[in-house]
Amino acid sequence: MTIDLHSPSRRELLLASGTLFAWAYVPKLALAQGRDPRLLVIVLRGALDGLAAVAPVGEPGWVPLRGDKALVLDGATPALPLNSMFALNPAMPNLHRIYKAGAATIVHAVASPYRERSHFDGQDVLESGLARPGAVATGWLNRALTALVPANRANPKARDAFAVGPIAPLVVRGPASVMAWTPPRLPPTSDDTIMRLLDLYRHTDPALARVLEERLGLATIARAGGMDARPDGTAPARPAGGQGAAQGAAQVRAYFADSAGAAAKFLARPDGPRIGALAFDGWDTHADEGALNGRLAALLGALDGAIAAIETNMGAAWRETVVAVITEFGRTARINGTQGTDHGTGTVAFLAGGALKGGRVVADWPGLKNLHENRDLKPTTDLRAVLKGLLKDHLRIEDKALAGDIFPDSAAVKPMAGLLA
Amino acid sequence: MALDGKVAAALALHRFGLGPSLGSRSGAIAAIESDPRGAVLAGLDRPNAGRIVNAELLSSGEAARSAIAFQQAQREMRREARKTTPKPTDQNQDPAGGMAAAPPAPRNRGPAAKSDMRAAAGIAPQQIYLTEAKARFTAALDADIGFVERLTWFWSNHFCISADKGQVRPLAGAYEREAIRPHVLGRFADMLMAVECHPAMLIYLDNARSIGPNSAAGQNRGRGLNENLAREILELHTLGVRTVYRQDDVTSFAKIITGWSTVPPVQDPARGGEFMFNPRMHEPGTQIVIGKSYADGGYDQGRRVLADLARHPATAKHVAYKLARHFVADDPALALVERLTKRFRDTEGDLKEMAKALVMAPESWEPSRGKLKRPGEWIVGTLRAVGVNPPDIAPVMQAHNLLGEPLWRPPAPNGFADDDATWLDGLSQRLDVANQFARRLGGTHDPNAAFEATIAPLASAETRQTIARAESRQQALALLFMAPEFQRR
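Starting afresh in each chain, residues are numbered from 1 along the sequence in its written order. To label them, take the chains in the order written and letter them from A, then take the ligands in the order written and number them from 1. For this predicted model, a pLDDT threshold of at least 70 governs which residues receive local features, and a threshold of 80 or more governs which side-chain atom pairs are given and counted, while totals over whole chains, interfaces and linings are taken from all residues.

**Describing the overall build of chain B**
Phase 1 of the analysis: A run of H or I in DSSP becomes a helix once it reaches four residues, and a run of E becomes a strand once it reaches two; helices and strands are each numbered from the N terminus. Check the secondary structure of chain B and you find 25 helices and four strands.
Phase 2 of the analysis: A separation threshold of at least 6 residues defines the contact pool for chain B, and within that pool the share at least 24 residues apart is 73%. For the purpose of contact definition, each residue receives a C-beta atom placed from its backbone, and two residues are in contact when these atoms lie within 7 Å.

**Brief notes about the overall build of chain A**
Phase 1 of the analysis: Counting its regular elements, chain A contains 14 helices and 14 strands.
Phase 2 of the analysis: Any residue whose C-beta has 12 or fewer other C-beta atoms within 10 Å is treated as exposed, any with 20 or more as buried, and any in between as partly exposed, C-beta atoms being built from the backbone. Residue burial in chain A is summarised as follows: out of 421 residues, 58% are buried.
Phase 3 of the analysis: Long-range pairs, those at least 24 residues apart, make up 76% of the contacts in chain A with a sequence separation of at least 6.

**Here we look at the sheet that holds strand E4 (residues 54-55) of chain A**
Residues and elements named next belong to chain A.
Phase 1 of the analysis: A pair of strands is labelled paired if DSSP reports no fewer than 2 bridges between them. If you walk across this open sheet you meet the three strands as E4-E6-E5, and the pairing is antiparallel. If you trace the sheet from one side to the other, it starts and ends with E4 and strand E5 (80-81), each paired once.
Phase 2 of the analysis: Here E4 pairs with strand E6 (residues 87-88) via two bridges, running antiparallel. In the sheet register, Val54 faces E6, and the bridge partner there is Leu88.

**What to know about the nonpolar core**
Phase 1 of the analysis: Each nonpolar core reported here comprises buried Ala, Val, Leu, Ile, Met, Phe, Trp, Tyr and Cys residues connected via C-beta atoms within 7 Å. Counting residues in each nonpolar core, the largest one holds 146 residues, and the members touching the most others are Ala12 and Leu480 of chain B.
Phase 2 of the analysis: In terms of residue count, helix H6 (residues 125-142) of chain B provides more of this core than any other element does, eight residues in total.
Phase 3 of the analysis: Counting only domains with at least three residues in this core, you end up with domain 1 (5-36 + 370-487) and domain 2 (195-310) of chain B.
Phase 4 of the analysis: Tyr99, Leu299, Ile310 and Ala352 of chain A belong to the second-largest nonpolar core, a separate cluster that totals 124 residues. What marks off one domain from the next here is an automatic or database domain assignment.

**Quick look at the confidence of the model for chain A**
Residues and elements named next belong to chain A.
Phase 1 of the analysis: Note: pLDDT gives the predictor's confidence per residue, expressed from 0 to 100. On average, residues of chain A carry a pLDDT of 81, and 81% of them reach 70 or more.
Phase 2 of the analysis: In this model, residues 156-166 is a region of pLDDT below 50 whose contacts with residues beyond four sequence positions or in other chains number 25 contacts.
Phase 3 of the analysis: Low pLDDT (under 50) marks residues 218-247, which in the prediction has 42 contacts with non-local residues, meaning those over four places away or in another chain.

**A few points about the packing of helix H3 (residues 36-45) of chain B against helix H17 (residues 351-360) of chain B**
Residues and elements named next belong to chain B.
Phase 1 of the analysis: Only the stretch in contact is used when fitting a helix axis, every axis being a line fitted to C-alpha atoms; angles between N-to-C directions are given from 0 to 180 degrees. Interaxial distance between H3 and H17 falls to 10 Å at its minimum, and their mutual angle equals 175 degrees. It follows that H3 is roughly antiparallel to H17 by the angle criterion. Here Arg37, Val40, Leu41 and Leu44 of H3 lie close against H17, whose contacting residues are Lys352, Ala355, Lys356 and Val359.
Phase 2 of the analysis: The residue makeup of the contact of H3 with H17, split by class, is five nonpolar, no polar and three charged. For classification, angles of less than 35 degrees are called roughly parallel, those exceeding 145 degrees roughly antiparallel, those between 65 and 115 degrees roughly perpendicular, and all remaining angles oblique. For this classification, the nonpolar set comprises Ala, Val, Leu, Ile, Met, Phe, Trp, Tyr, Cys and Pro, the charged set comprises Asp, Glu, Lys and Arg, and every other residue, Gly included, is treated as polar.

**Here's the deal with helix H8 (residues 172-180) of chain B**
An α-helix turns once every 3.6 residues. As a result, residues three or four positions apart point the same way.
Phase 1 of the analysis: Among the nine residues of H8 of chain B, eight are classified as buried, and the element is accordingly described as predominantly covered.
Phase 2 of the analysis: Among the residues making up H8 of chain B, those that are buried are Ala172, Gly173, Ala174, Tyr175, Glu176, Arg177, Ala179 and Ile180 of chain B.

**Considering the packing of helix H9 (residues 188-196) of chain B against helix H14 (residues 299-310) of chain B**
Residue and element names in this part refer to chain B.
Phase 1 of the analysis: At a minimum axis distance of 9 Å, the contact between H9 and H14 shows a crossing angle of 140 degrees. Looking at the two axes, H9 sits oblique to H14. The hand of the H9/H14 crossing is right-handed. In this structure, H9 uses Phe188, Ala189, Leu192, Met193 and Glu196 to contact H14, whose residues at the interface are Arg303, Leu306, Ala307 and Ala310.
Phase 2 of the analysis: Taken together, the residues of the contact of H9 with H14 sort by class into seven nonpolar, no polar and two charged. It is the rotation of the near helix from the far one that decides the hand of a crossing: anticlockwise by less than a right angle makes it left-handed, clockwise makes it right-handed.

**Things to note about unusual backbone geometry**
All names here are of chain A.
Phase 1 of the analysis: In this model, Ala109 sits at a positive phi of 55 degrees, which is unusual for a non-glycine residue.
Phase 2 of the analysis: Within the fold, Ala109 resides in strand E7 (residues 104-111).
Phase 3 of the analysis: Residue classification places Ala109 among the buried residues on the basis of 24 C-beta atoms within 10 Å.

**Thoughts on the pairing of E7 of chain A**
Residue and element names in this part refer to chain A.
Phase 1 of the analysis: In terms of residue burial, E7 counts as a mostly covered element, since eight of its eight residues are buried.
Phase 2 of the analysis: Where E7 meets strand E12 (residues 347-352), five bridges bridge the pair, whose relative direction is antiparallel. Each residue of the ladder has a partner; that of Val110, found in E12, is Thr347.
Phase 3 of the analysis: One ladder, built from three bridges, connects E7 with strand E13 (residues 360-362); its direction is parallel. The residue bridging Val107 from the neighbouring strand is Val362, located in E13.

**A short note on the pairing of strand E11 (residues 321-327) of chain A**
Within a regular strand, the side chains alternate between the two sheet faces.
All names here are of chain A.
Phase 1 of the analysis: Summarising burial for E11: seven of the seven residues are buried, a large majority.
Phase 2 of the analysis: Of the two faces of E11, both are covered, the one formed by Thr321, Val323, Val325 and Thr327 as well as the one formed by Val322, Ala324 and Ile326.
Phase 3 of the analysis: Inspection of the sheet shows strand E3 (residues 38-45) paired to E11 by seven bridges, in the parallel sense. Paired with Ile42 across the two strands is Val325, which belongs to E11.
Phase 4 of the analysis: As paired strands, E11 and E12 are joined by three bridges and run antiparallel to one another.

**Comments concerning the confidence of the model for chain B**
Residue and element names in this part refer to chain B.
Phase 1 of the analysis: Mean pLDDT over chain B: 88, with 91% of residues reaching 70 or higher.
Phase 2 of the analysis: Counting contacts from residues 88-119, a segment whose pLDDT is below 50, to residues more than four positions away or on other chains yields 49 contacts.
Phase 3 of the analysis: Prediction confidence for the complex, expressed as pTM and ipTM, is 0.60 and 0.82 respectively.

**Considering the environment of Pro182 of chain B**
Phase 1 of the analysis: When you line up the elements, Pro182 of chain B lands in the loop between H8 and H9.
Phase 2 of the analysis: In the structure, Pro182 of chain B is positioned 12 residues away from Ala194 of chain B in sequence and 9.4 Å away in space, judged by C-alpha atoms.

**Brief notes about helix H12 (residues 228-237) of chain B**
Residues and elements named next belong to chain B.
Phase 1 of the analysis: Within H12, eight of the 10 residues are buried, leaving the element largely enclosed by the surrounding structure.
Phase 2 of the analysis: Taken together, the buried positions of H12 are Leu229, Ala230, Arg231, Glu232, Ile233, Leu234, Leu236 and His237.
Phase 3 of the analysis: Those residues of H12 that are buried lie in contact with H9 and helix H13 (247-256).

**Brief notes about the environment of Ala31 of chain B**
All names here are of chain B.
Phase 1 of the analysis: With respect to the element layout, Ala31 can be found in helix H2 (residues 29-32).
Phase 2 of the analysis: Since 18 C-beta atoms lie within 10 Å of it, Ala31 is described here as partly exposed.
Phase 3 of the analysis: Counting along the chain gives 25 residues from Ala31 to Lys6, while the straight-line C-alpha distance between them is 9.7 Å.

**Thoughts on the environment of Phe86 of chain A**
Phase 1 of the analysis: Position of Phe86 of chain A relative to the elements: it lies in the loop between E5 and E6.
Phase 2 of the analysis: Apart from the residues within four sequence positions on either side, Phe86 of chain A is in contact with Val54, Ala55, Pro56, Val57, His108 and Val361 of chain A.

Following this line, the structure appears as structure tokens:
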């Protein structure tokens, strides 16, 4: 599954990425205890390169492994130090600030129980909470909701702001009632107007022409309609990386911040929902990964902006918030032949929010000499332990439910203790 | 200026101003073509330039108190509602871009009940915000050339706050009117002082809660320092990032401005929400900032630091660079930046002199137009082009949101980006907005007249032809708004 960052179709974004799915109720037990916890799960689809996001700069084997693609503390764009071993990608200054303020935790060398390398299966395992891929209809977050006692219905006045989404991500699918909210967009402009404008730009302003072509994915239309200016009749090649990618990523950045910011607004409202999930696509960085100043840097910057927007928009509720950013698996420890990384295993999970006991990198660090199958960061922490720890201490869900319905066959994976402040 | 008069006049309106205005004779290309530069400069000498005179607008103190009263009344009402039978809900329409933009407004009450409540119990923060937004748009639409408005927007973004922070929302408009506008043609040092002790800024960057560890309040409560504002003053507002200050300077400066806070409404209902220096929160003692020692003098200690920062050479350079980059080019000519820097230093930060120097600079009149207008500038430009002041600003606000420049809501304290590449990316969204505006304006506006009034002297033959050959007036207007000559500064 490759997702082309250069031209994310707006309709695709609308339908998949950035839509908030939230439980329609407020948890009763927490309210009774005088707490009002918020949990937002962000799924990064496509497999985040955990080593490019949080680099083991203190490990001697790191630079030899990645060469000039390695994040280092003294590079042209220096990585942001987290502790003596790890440093954060410089595209994420907000997360770094939040980490320094004790409200973010990074879990490294983490993975779901899935050990193959298919996106679809890996996402199914990540989102279903099951130990293995297979036919699944419900997600762990939804099943966790059924373990909570509902109080009043969230946001009773917002019936038309929320509608049940057509394609809820697996993680929130299930018996518990879930609402969806998609960022608003204006109706599209007619193709005729677009073609006239594009024709004008091609004659007068190549920069604008290029952007419009990329944004609207018109390369194919141009080819079909014989509108291309090239003598051989092929569509202009889309630049791989470079400016085109930067522009595409900037659109993604705006979209991430908008939808995450809006999600936080909902979760912050006194009568709003409390538990929700979002998915952001585009992390499958096989070629020209650009961890330092290219595509991945831009994506991480977009995620950073989304986290900052959540922090801002949560307002006072931030101190009762946990945002968990998870991905289906990591990527190869070494750079591949196309300046990217291929599907791997161990990666990172980002936790952010004022409810955390943060400012820590939680890792049973396996080292880089001891790679999983001689290619991937070896996973030493089960992601389910992290998620169970959050559900237990933040939402006060009992061990029995966690090891039963929510994460079946996971009794041996103990909830990670001490994540919450 | 070897440009043809009409060309220079159009350039002046698009580059320094808010675009030619069909509704205003003095904002027209024809009105200034004899002396475009003189016309831009003349705007600086107009009495009350930059001010918004509107008796309906609240001061920041009034706005804060009004918002608090409103929220209290809301809580009361919810409590009451819970006692009685729940009412059926009505439509939840939220004009300002969905709930993302707005806290819930009161609903389900008869008009009489509503007005009673308003009078007695304040105004919704969102309502205050929208009233301020409307006043700002009106000022932009009514401006002749709009240079002083553009300067205001520039400084407002330089010293940005965000209405996304709950308590800031009702203050956002008042902040710009109180801290920015009075000094846009005044002294940088005065603007700096007004900004940094304005409640909106103190709340936005957390200084209102920052407590000196050794102050009376710090010792009682065990709460402490917040460096946020001190850091951003050094990094963003004055010296610039990676210049002459270190972490120690940030910490010391943060200590110095502890106590710069707001009046708690419970303590003084009449002055609640206004600026106050609270000596109980102020860190006692002498502090060193950038090698200079500042003896404790309460509020005055911080004022002395700000005064020194305002005249620091790094500040002059930082501000000059940003100004040139905003108006002229992403990568402005070094000579221009140096001239503006010198002007800043020679005049002790006289911003009117800076504005003049910018307009007098030959580099400022380069005919090539590399920068895309920012969304807000472009949106106002489209409305001026057809001479419309929309009675309902909801679609205008929504357009700002969609294009990534929601009014007074930047994503971070460094404000909205000022480079071409950032905004280039929103081109297809611009097209949607242009299309939408053109549809709303319907067939009642003559696109050819708008073309002649706005970009004719600058336009290529292709642009002229594309607009003339459009299949409808709506399409022609959308194409005009999207023409390179209309979008570029």
